[in-house]
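# Notes for the structure review
Chain by chain, the residues:
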Amino acid sequence: MDFKKRMQTMNQKSVWNPILSKLFRCDNQEFNTLVFHGFYYFTPFQQRIMEMLEKAGYRLIFLFPYDER
């Protein structure tokens, strides 16, 4: 499957859950919320992935560390 077609299938939780389970080593667990911590900027590809996750129904939370310096 080429990249563009694969990306079109990534708007469904049923596609993401096995990927996230393997990534976080959680056997067949259902994910509803994902927390992103420590990003200062997003590349266009990262933004595209995050938009697909939102379309699939995930809630995204972003934590930005603050340093007064």
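For the structure, see preceding data.
Below you will find a few notes about this structure.

As a further point, take the overall build of the protein chain. Helix and strand counts for the protein chain come out as 3 helices and 2 strands. Listing every helix and strand of the protein chain by position from the N terminus yields α-α-β-α-β. Its C-alpha atoms give the protein chain a radius of gyration of 14 Å, clearly above 11 Å, the size a compact globule of 69 residues would have. Principal-axis analysis of the C-alpha atoms gives the protein chain an extent of 45 × 30 × 20 Å. The buried share of the protein chain, taken over its 69 residues, is 25%. Taking the intrachain contacts of the protein chain between residues at least 6 apart in sequence as the baseline, contacts between residues at least 24 apart amount to 60%. When the accessible surface of the protein chain is totalled, it reaches about 5,800 Å², and 54% of it is carbon and sulfur. Between the mean site of the 10 positive side-chain charges and the mean site of the 7 negative ones, the protein chain shows a separation of 8 Å.

What follows concerns the pairing of strand 2 (residues 59-63). In terms of strand pairing, strand 1 (residues 33-37) meets strand 2 through 5 bridges, oriented parallel. From the neighbouring strand, His37 faces strand 2, where its bridge partner is Leu63. In this view, the connection linking strand 1 to its parallel neighbour strand 2 by way of helix 3 (residues 44-55) has right-handed handedness.

Now for the nonpolar core. Residues Trp16, Leu34, Leu53, Tyr58 and Leu60 are the most contacted members of the largest nonpolar core, which totals 14 residues. Of all the secondary structure elements, the ones that give two or more residues to this core are helix 2 (13-23), strand 1 and helix 3. In this structure, Leu53 is in contact with Trp16, Leu34, Phe36, Tyr58 and Leu60, ignoring residues within four places of it in sequence.

All of the buried residues along helix 2 are Lys13, Val15, Trp16, Asn17, Leu20 and Ser21. In this structure, the buried residues of helix 2 make contact with helix 1 (3-8), strand 1 and helix 3. Trailing helix 2 by a residue or two, Arg25 shows a phi angle of about 55°, which is positive.

Taking 1.5 Å as the rise per residue, helix 3 with 12 residues should run 16 Å; its terminal C-alpha atoms sit 16 Å apart, in good agreement. Taken as a whole, helix 3 has its buried residues at Met50, Met52 and Leu53. Looking straight down helix 3, one finds its buried side chains confined to an arc of 160°; they lie on one side. Opposite the buried face of helix 3, by more than 90 degrees, sit the exposed residues Pro44 and Lys55.

About the thresholds
- Within every chain, residues take consecutive numbers counted from 1 along the sequence as written.
- Residue-level local features of this predicted model are given only where pLDDT is at least 70; pairs of side-chain atoms are given and counted only at 80 or more, and the full residue set underlies all totals for whole chains, interfaces and linings.
- Hydrogens are left out, water is left out, and the side-chain values use all remaining heavy atoms of the structure.
- A run of H or I in DSSP becomes a helix once it reaches four residues, and a run of E becomes a strand once it reaches two; helices and strands are each numbered from the N terminus.
- Between the two quantities, the radius of gyration covers C-alpha atoms and the globule rule is 2.2 Å times the number of residues to the power 0.38.
- For every residue, the accessible area (1.4 Å probe, protein chains only) is compared with the maximum for its type, and the residue is labelled buried under 20%, exposed over 50%, or partly exposed between those bounds.
- In what follows, residue pairs with any heavy atoms lying within 4.5 Å of each other are defined as contacts.
- With residues, only the protein chains shown are counted as cover, and all accessible areas are computed by Shrake-Rupley using a 1.4 Å probe.
- Counting rule applied: Lys, Arg positive; Asp, Glu negative; His and chain ends not counted.
- In plain terms, the charge of a residue is placed at NZ if it is Lys, CZ if Arg, CG if Asp and CD if Glu.
- Strands are labelled as partners when DSSP assigns at least two bridges between them.
- The crossover handedness rule: strands pointing away from the viewer, path from first strand over the helix to second strand clockwise, crossover right-handed.
- Only buried residues count toward a nonpolar core. Its members are Ala, Val, Leu, Ile, Met, Phe, Trp, Tyr and Cys residues joined through side-chain atoms within 4.5 Å.
- A helix is expected to reach a length of 1.5 Å times the quantity of its residues less one.
- Taking the helix axis as origin, the arc is that swept by the directions to the C-beta atoms.

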